[in-house]
Every structure is written in C-alpha cells, then in structure tokens.
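# Working through the structure, step by step
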Amino acid sequence: TELISLCLVCHLLSKSEVEEFDSVLRDRSHIDETLRLAAEEKAADYAAAIQKLRKIYHTSIKPMEQAYKYNELRQHEISAYPGRTLGDSATDGEITSKPMVLFLGPWSVGKSSMINYLLGLHDSPYQLYTGAEPTTSEFTVIMHGEKIRSVEGIVMAADSSRSFSPLEKFGQNFLEKLIGIEMPHKLLERVTFVDTPGIIENRKQQERGYPFNDVCQWFIDRADLIFVVFDPTKLDVGLELEMLFRQLKGRESQIRIILNKADNLATQDLMRVYGALFWSLAPLINVTEPPRVYVSSFWPYDYAPDTSRELFKKEEISLLEDLNQVIENRMENKIAFIRQHAIRVRIHALLVDRYVQTFKEKMSFFSDPELVFQEIVDEPDKFYIFKSILAKTNVSKFDLPNRDAYRDFFGINPIANFKSLASQCSYIGGCLLDKIEKAITNELPALLSSINSGKQPGLSSCEVTGCGEKPKNRYRKKRKNGDRG
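The rules behind these values
Residues numbered from 1 in each chain as written. Predicted model: local features only at pLDDT ≥ 70, side-chain atom pairs only at ≥ 80, totals over all residues. Heavy atoms only, no water. Disulfide = S-S within 2.5 Å. Buried < 20%, exposed > 50% of the residue type's maximum accessible area, 1.4 Å probe, protein only. Phe/Tyr/Trp six-rings, centres within 6.5 Å; stacked < 30°, edge-to-face > 60°. Helix = DSSP H or I, 4+ residues; strand = E, 2+ residues; numbered from the N terminus. Lys NZ or Arg CZ within 6 Å of the ring centre and 35° of its normal. Pairing = 2+ DSSP bridges. Axes fitted to C-alpha atoms, helices over the stretch in contact; angles between N-to-C directions. Contact = heavy atoms within 4.5 Å. Polar contact = N/O pair within 3.5 Å; in protein donor to acceptor, adjacent residues only side chain to side chain. Core = buried A, V, L, I, M, F, W, Y, C linked by side-chain atoms within 4.5 Å. Parallel < 35°, antiparallel > 145°, perpendicular 65-115°, else oblique. Nonpolar A, V, L, I, M, F, W, Y, C, P; charged D, E, K, R; others polar.

Let us look at the state of the cysteines. A covalent bond between the sulfur atoms of two cysteines is what we call a disulfide. The full count for this structure, using the stated rule, is one disulfide. Across the disulfide from C425 sits C431; the S-S distance is 2.0 Å. Disulfide C425 to C431: torsion about the S-S bond roughly 115°, handedness right-handed. Both residues of the pair, C425 and C431, belong to the buried class.

Right under this line is the structure:
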C-alpha cells in the first residue's frame, strides 16, 4: 500500500510539473519580425499588377482557351507537365488568389498545431482542434476575411470569385468534408493555409467516401509551398505515404519536410531519427537535391528542458524566412504561371489546328468523314501531326502533350466544331494566335520586368479601354497601282 501511495504521489508530482511546463508559452515576437507582418505593403502597386495580368489573360489567352476548348483536354491523360495539370483553365480566382501553403502528413503529427502556432490561435475559440488521436477529418482552408466565420464547402465551391469552384467535380460527399475559416489576420492577408486529414495507413481511400488521393492532387497542383510533417516518435512510412510522395513528383522544389515535436527526443536519439527519416524517404524522392528538412517543435509552449533550444529556434526562423520568400515572390510566380499556361494553350491550339488541316486535306468527295478522322486520331505520327508542330514553330518536344489525350478530346469534341487558326481573325479583334504570342513574348515578360525593377505597372488608356493596336485586315485585298481608295 505504501509503495502504491508513493508511486501515485510521484505520478501526480510529475504530472503537475508537466502541466506547469506546458503552461509556459513561447515568445512569438520572432514570427512577426521574420514575416514582416508590421510592414506596410504597397497595395496600389500590387493591385495595378494584378489588373494588368487579368487584362492580358482576358484579352490574349482566354479567347483561345474558349475557341479550342482547352479546359476539356483530359488532364489525367497528360504527363508532360508536372505540377499544374494541363487540362485546367486559369480563372480570375487563381489570378487574384493568395499563395497557398499545404500541410500534409500522417495523423497526429502536429499539422493543425503548427497552423495554430503560426497564426497565434492558441486558447482562442477559433483554434483548430488538436489531439493525440486522428482529429482532422476535413480539408480546412484558413483564409483572410473581414470577420471570423466558417464557410461551408458547398458555398466555397459555388463562389466564382474564389479559386475553389473546380472542387465541385469531386462530389457532394467531398464538399461536406471541405470547410473554410475566415479571420482578419495580417499573415492571412498574404497567404492561405490548407490543413488536410492525416494519412492513416490502415484506411482505404474508399472508406472516406470521396477520392482522397485525387483531392490531394488538386491541392498539391496549386500549392506554392508544401509542408510534409512527421512526428519523430512514429516514422511509419507505409503504402498511403508512398502514394502521397508519388503524387508529389515534379513538385520537389515546393516540398519542405518538417520533423516536428523534436524536443520530445534527446539530441542523440534525434540524430538517429533524422537519419532514419532520410533512409525511409530516399526511395520516394528520387532527385539530386533532396527537399529541405526543418527540425523543431511548432507549437505555442516552451521547448522541453535539456534539448537543443537554439537549434530549434534557428530552424524555425529559417522556415519562416522560407515562407516569407514565397509570399514576397507571389506576383512573380503568378506571372510565370500565367505565361506557362499561355504556352500550353498555344500548343494545344496549334495541335488542334493541325488536326483540322490534315482532316481537310485527306477528305474527298467519296470519303467517310468519321473513318478518315478516326485514322488521323489513332495514328497521328503517320500524318506528322506532332512533328509538323515542332518543325514549323518554336515548340519544344518536351512541351508536347500526350498523343493519347487527343483521342479522348476529339471523342467529346467533334473536329467539325473547330475552325483553323487562320480563320480565327477579325478586323477589330485581330488574330488569336498573334495576340497570345504577343502576350508570351512581350507583355508578360515586360510585366515581370516592371515588378522586378520596382516600377509601378500602370495601365495605359488603351489597355483600360481595350483599343490596343489596330489589327491587320488579312481579308482586305491589296490595292493595285492606279486603284482609287
């Protein structure tokens, strides 16, 4: 009895010591300093650049998207472009959206706690729920708003001003698992956080009621920074995690690996875990330069005693600087993405144009249109569809999409629905191909240069009214000498 009483007293003492230790909150001043949350942004310059970018997109890129139904190109058939999927159209929501930081990883590794810590939500009514058991079953989007409120997934998907409307394609079961949280916060004025359900190795995707991997891929494709969080006390790399890293292929430059809760281990044990983590992930990340790994403890309480406090603090500041770099480069990244998108739209239009021309050349009075075009779609190399694009334009062979994608594309879009590029011209609007090429070679690089040089990308009167350059009338006959005007 005395022994049991003594053990109980020791347990209560140790428990009280832990509670007293946990109640000591960490100083957060370095977060505001590193992220420069007190600094005033040049909102007018940023707004002018966004307006200019939207103008270029709507006048030079979107018309060709619509004319050649770019958004109906089957994105799952495309393997040429890691990162953003080829079949996605750009939207106003994506142009005006803030950089997205995505949190991925196994369950109960501290993803939600890390978001609470960065936003200072500890002990507030709006902190994300955390616990030792799997707690997050929803995709939670934390974004800026004038007041604190939650937004249902079905409302987020229906709002065209946001960039989440494409999520409707994953069905109502998923939208019930999507939630948005708006709050007035300086950091959220510049970035959006996305918290994801933890990976549970013994749970099948079908048990979630929606295509979990496909939804993760959608967010991965749009994330500017991806934090893959691990707990050093449970490095379980199973099939679900392997699938996740396969989905991250091509996005290695955006990945940051977080070894969280690092103060739970002694320094020597932590070094062993660090090595074990790299050993486990090496087959999954097949790149020359592995992603950066941050080792710290991202939660509001003070570090555990007798741990590498200075190291953890430096690692945390380094991660914050990484995050700040993404925030400060957000305009440059948007311009680069829209230009890359324009290049893909142009390649798609050139290919469709080549299919149209080949179909017209091979058709005769006695030909069966369906059989003729089916042969062209089934054997594009026989008719030099792709090779002719490489020979006549400045298109890289590495940028050409998968040939099989066009079999599906023309399966739902008959060839008769498309006009040749030469006929996509008007006296007032000019030619679609000329406009998108001008955007790629001149307008977007000029906008990027103005951002980098610090000059305000102001809009000229013609850019505001849309007058632009007077297009050439390609259908007007040239006058011969002596003809009257």
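Further notes follow.
Applying the stated criterion across every chain, the model contains 26 aromatic pairs. Both rings, one in Y68 and one in F418, keep their centres 6.2 Å apart while their planes meet at 5°; by these two values the pair is stacked. Taken together, the residues span a long stretch of sequence, with Y68 in the loop between α3 (43–67) and α4 (92–96) and F418 in the loop between α15 (405–412) and β9 (425–426) at a distance of 350 residues. By the burial criterion, Y68 is buried, and F418 matches it. In this structure an aromatic cluster arises from ring pairing among Y68, Y355, F359, F373, F386, Y406, F409, F410 and F418. Across from the ring centre of Y117, 5.1 Å away, lies the NZ or CZ of R26, which sits over that ring. One Lys or Arg, R28, reaches over the ring of Y117 and ends 5.7 Å from the middle of that ring.

Our focus in this paragraph is the sheet that holds strand β8 (residues 292–295). Ordered by their spatial adjacency, eight strands build an open sheet running β3-β4-β2-β5-β1-β6-β7-β8, and the pairing between neighbours is mixed. The sheet is open, and its two edges are formed by β3 (149–152) and β8, each paired on a single side. The sheet shows a mean angle of 20° between the axes of neighbouring strands, direction not considered. Packing against the sheet, helix α5 (residues 111–119) makes contact with β1 (100–104), β2 (139–144), β5 (192–195), β6 (225–230) and β7 (255–259), and its axis sits at approximately 160° to β5.

Let us look at the environment of L225. Relative to the assigned elements, L225 resides in strand β6. Its relative accessible area of 1% is what places L225 among the buried residues. Separated by 97 residues in the primary sequence, L225 and D322 have C-alpha atoms spaced 9.2 Å apart.

Now for the side chain of H341. Its place among the elements puts H341 in helix α12 (residues 330–362). Here the side chain of H341 touches E65 through a polar contact of 2.6 Å, side chain to side chain.

Attention now moves to the side chain of S112. Its location among the elements puts S112 in helix α5. At a separation of 2.5 Å, a polar atom in the side chain of S112 contacts the side chain of D195.

This part covers the nonpolar core. In this structure, M64, Y355, Y406 and F410 are the most contacted members of the largest nonpolar core, which totals 49 residues. When contributions to this core are tallied by element, the ones reaching two or more residues are α3, α12, α13 (369–378), α14 (385–392), α15 and α16 (432–453). A total of 14 residues in this core trace back to one element, the largest contributor, which is α12. If you look at the next biggest cluster of nonpolar residues, it comprises 47 residues, including F212, A262, L270 and L281.

This part takes up the packing of α12 against α16. Two numbers describe how α12 lies on α16: the axes approach to 10 Å, and their chain directions differ by 170°. Between α12 and α16, the interaxial angle falls into the category roughly antiparallel. Where α12 approaches α16, its residues M331, E332, I335, I338, R339, A342, I343, V345, R346 and L350 are matched on the opposing element by L433, I436, E437, I440, L444, P445, L447, L448, I451 and N452. Per-class residue counts for the contact of α12 with α16 are 15 nonpolar, one polar and four charged.

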